[in-house]
Amino acid sequence: MALDPARDARLTGLTIAAVLDAARPAYDRLLERAEEVEDEWSYDNDLAEAWRTRLDEVDTARGGDPAGPELMAAVDALGREADAIDDPHRAIDWLSTFPQLLLVALGERP
Amino acid sequence: MRFQDAAPDARAVVYAGIQAEPLVARAAALLADAGPDQRVLARAAMNGMSTDAATWQAMAPTLFGDAAAGRPGPDGDRARSEAILAAALEVAERGEQVRSQVRGAIVESLTAILAARRRGATGDSAIRRERRILFDGVRAEIHPYDVTVETPGAEEALDCKWGARGISADVLHQLDDARTHAADEDVDLTVTLVVFDARRSCDVRLARETAPRSATRFVTIETLDDLAGDRIAGAER
């Protein structure tokens, strides 16, 4: 039987805001790893700020909307992938990649 | 102004081998007809850690979940999404240095494929790779351009970058210098920087650069299909 994300969300009470909140700690850890490249510290933080702003926009616009359980599974997989990155240079690249993937999962354009 | 093959030095020979890999051609062909979400996923997987397809499918429910079925366009084509992910994971399975080269070659090949689709690009013969541009009385740049469009009257030089972090003063100067030198010879050379990354990230990088770029065309992961459109002369967009 096909899942009904809206119905499932009503049952679980899961919202887009909760999905975004669940994603934020992994992004913060990614930034910490990226900051190990001292020459790019300022760029890393500007980059993270730019993407956090975009995620905040989604939170403001859709935060109260119901979210299907597949979104929390997506955030969980995304967080584990980000946590597995130990190379700070790759972490810098993922400061851009992580929010793009999250936005795609949410049906948003980066 | 004239185009010329780059000198076949050791780097060029090694890189030509990378460019000739079947995986590069396959991935580029898939990405040329991909939707925007499929391109984002491919980019992530090519520079990710896990090579388990199920992990990536979980991250992209709009491509692999029930939501994908009703989507129009390539992003709604699950078989295509699976093929793109499979190719991306093959790249990821390569050794660290090699996969970086393969990724770069894929972006260049993708750029060449899309540019060859534009009206007036007289087939693949007008689209060349690793070419230098020579100007009268100007010392030649050492680094060749990744892709050139050599259609008379619609010449273009394109450099390709995997990510926003690849945007540098050197790259911006080289492109703008080429445009300026071409203009000195009354040639309207379009210069384009293709970045396989989000525009938002590119803007953050560009905000740190003071090199001239007002006449450089920027193509990002969201606007790759613009490469197949008619040439747009000039200013930053």
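Criteria and cut-off values
Residues numbered from 1 in each chain as written. Chains lettered and ligands numbered in written order. Predicted model: local features only at pLDDT ≥ 70, side-chain atom pairs only at ≥ 80, totals over all residues. Helix = DSSP H or I, 4+ residues; strand = E, 2+ residues; numbered from the N terminus. Rg over C-alpha atoms; globule rule 2.2 N^0.38 Å. Buried ≥ 20, exposed ≤ 12 C-beta atoms within 10 Å, placed from the backbone. Contact = placed C-beta atoms within 7 Å. Nonpolar A, V, L, I, M, F, W, Y, C, P; charged D, E, K, R; others polar. Axes fitted to C-alpha atoms, helices over the stretch in contact; angles between N-to-C directions. Left-handed = near helix turned anticlockwise from the far one by under 90°. Pairing = 2+ DSSP bridges. Domains from an automatic or database assignment. Core = buried A, V, L, I, M, F, W, Y, C linked by C-beta atoms within 7 Å. pLDDT = per-residue confidence, 0-100.

**Student:** How should I be thinking about the overall build of chain B in this particular structure?
**Tutor:** Secondary structure assignment for chain B yields 9 helices and 6 strands. A compact globule built from 237 residues would reach a C-alpha radius of gyration of about 18 Å, and chain B, at 18 Å, matches this within 12%. Projected onto the principal axes, the alpha-carbon positions of chain B cover approximately 60 × 40 × 35 Å. Considering chain B as a whole, with its 237 residues, one finds that 42% of them fall into the buried category.

**Student:** Looking at this structure, how should I read the interface of chain A and chain B?
**Tutor:** It is common to give the size of an interface as the accessible area lost on bringing the parts into contact. Contacts between chain A and chain B engage 28 residues on the former and 28 residues on the latter. Top element by residues in the side of chain A that touches chain B is helix α5 (residues 88-105) of chain A. It accounts for 9 residues. Here the residues of the side of chain A that touches chain B sort into 18 nonpolar, 4 polar and 6 charged.

**Student:** Is there a simple way to think about the packing of helix α3 (residues 41-62) of chain A against helix α9 (residues 199-206) of chain B in this case?
**Tutor:** Geometrically, a packed helix pair is captured by the angle between its two axes and the distance between the axes. The interhelical angle for the contact between α3 of chain A and α9 of chain B, taken along N-to-C directions, is 145 degrees, at an axis separation of 10 Å. The chirality of how α3 of chain A crosses α9 of chain B is right-handed. Along its contact with α3 of chain A, which presents Tyr 43, Asp 46, Leu 47, Ala 50, Trp 51 and Arg 54 of chain A, the element α9 of chain B presents Arg 200, Ser 201, Val 204 and Arg 205 of chain B. Split into classes, the residues belonging to the contact of α3 of chain A with α9 of chain B amount to 5 nonpolar, 1 polar and 4 charged.

**Student:** Can you help me understand the sheet that holds strand β1 (residues 2-5) of chain B in this one?
**Tutor:** Hydrogen bonds along the backbone pair up the strands of a sheet, which may run parallel or antiparallel. Residue and element names in this part refer to chain B. The strand order β1-β2-β3-β4-β5-β6 describes an open sheet built from 6 strands, whose pairing is mixed. The open sheet terminates on both sides in strands that have one partner only, identified here as β1 and β6 (216-219). Going across the sheet, the axis of each strand differs from the next one's by a mean of 45 degrees, ignoring polarity. Bridging between strand β5 (residues 190-195) and β6 involves 4 bridges; their strand directions are parallel. Paired with Leu 193 across the strands is Phe 218, a residue of β6. Packed on one face of the sheet, helix α7 (residues 96-115) meets β2 (127-134), β3 (145-149), β4 (156-161) and β5 and runs near 5 degrees to β3. Sitting on the sheet, helix α8 (residues 169-184) touches β2, β4, β5 and β6, and the angle it makes with β5 is about 155 degrees.

**Student:** Sorry, what's going on with the domain arrangement of chain B here?
**Tutor:** Residues and elements named next belong to chain B. For chain B, the domain assignment lists domain 1 (2-7 + 119-228) and domain 2 (10-103). The centre of domain 1, based on its C-alpha atoms, is set 25 Å off from the matching centre of domain 2. Here the residues of the side of domain 1 that touches domain 2 are counted per class, giving 6 nonpolar, no polar and 2 charged.

**Student:** Sorry if this is basic, but what is going on with the environment of Ser 201 of chain B here?
**Tutor:** Along the chain, the position of Ser 201 of chain B falls in helix α9. In sequence terms Ser 201 of chain B and Ala 87 of chain B are 114 residues apart; their C-alpha atoms lie 25 Å from each other. Residues in contact with Ser 201 of chain B, not counting those within four places in the same chain, are Leu 47 and Ser 96 of chain A together with Ala 164 of chain B.

**Student:** Quick question: what am I supposed to make of the nonpolar core here?
**Tutor:** As a rule of thumb, nonpolar side chains are buried together in soluble globular proteins. If you look at the biggest cluster of nonpolar residues, it comprises 92 residues, and the most contacted ones within it are Leu 30, Leu 78 and Leu 95 of chain A together with Leu 41 of chain B. When residues of this core are sorted by domain, at least three fall in each of domain 1 (2-7 + 119-228) and domain 2 (10-103) of chain B. Not counting the four nearest positions on each side in its chain, Leu 78 of chain A is found in contact with Ala 23, Ala 26, Phe 98, Leu 101 and Leu 102 of chain A together with Met 59 of chain B.

**Student:** Can you help me understand the confidence of the model for chain B in this one?
**Tutor:** Residue and element names in this part refer to chain B. Chain-level statistics for chain B give a pLDDT mean of 92 and a share of 94% at 70 or above. Across residues 232-237 the pLDDT falls below 50, and counting only partners more than four positions away or on other chains, this stretch makes 12 contacts in the model. Scored by ipTM, the complex comes to 0.92, with pTM at 0.93.

**Student:** Explanation requested: helix α2 (residues 22-32) of chain B in the structure shown.
**Tutor:** Because each turn of an α-helix spans 3.6 residues, side chains separated by three or four positions end up pointing in the same direction. Of all the positions in α2 of chain B, only Val 24, Ala 27, Ala 28, Leu 30, Leu 31 and Ala 32 of chain B are classed as buried. Those residues of α2 of chain B hidden inside the fold are in contact with α1 (10-19), α3 (36-46), α6 (78-92) and α7 of chain B.

**Student:** Even after reading the chapter, I still don't get unusual backbone geometry, so can you show me in this structure?
**Tutor:** All names here are of chain B. Backbone geometry at Glu 130 places phi at a positive 55 degrees, although glycine is not the residue there. Here Glu 130 lies in strand β2. The class for Glu 130 is partly exposed, based on 19 C-beta atoms found within 10 Å. Here Asp 186, not a glycine, exhibits a phi torsion of approximately 60 degrees, which is positive. Structurally, Asp 186 can be placed in the loop between α8 and β5. Overall, the presence of 7 C-beta atoms within 10 Å leaves Asp 186 in the exposed class.

**Student:** I tried to follow the environment of Ala 34 of chain A on my own but got confused; where do I start?
**Tutor:** Residue and element names in this part refer to chain A. Tracing the chain through its elements places Ala 34 in helix α2 (residues 16-34). On the neighbour-count criterion, Ala 34 (25 C-beta atoms within 10 Å) is buried. Sequence separation of Ala 34 and Asp 93 is 59 residues, and the distance between their C-alpha atoms is 8.6 Å. Excluding residues within four positions of it along the chain, Ala 34 makes contact with Asp 44, Pro 88, Ala 91, Ile 92 and Leu 95.

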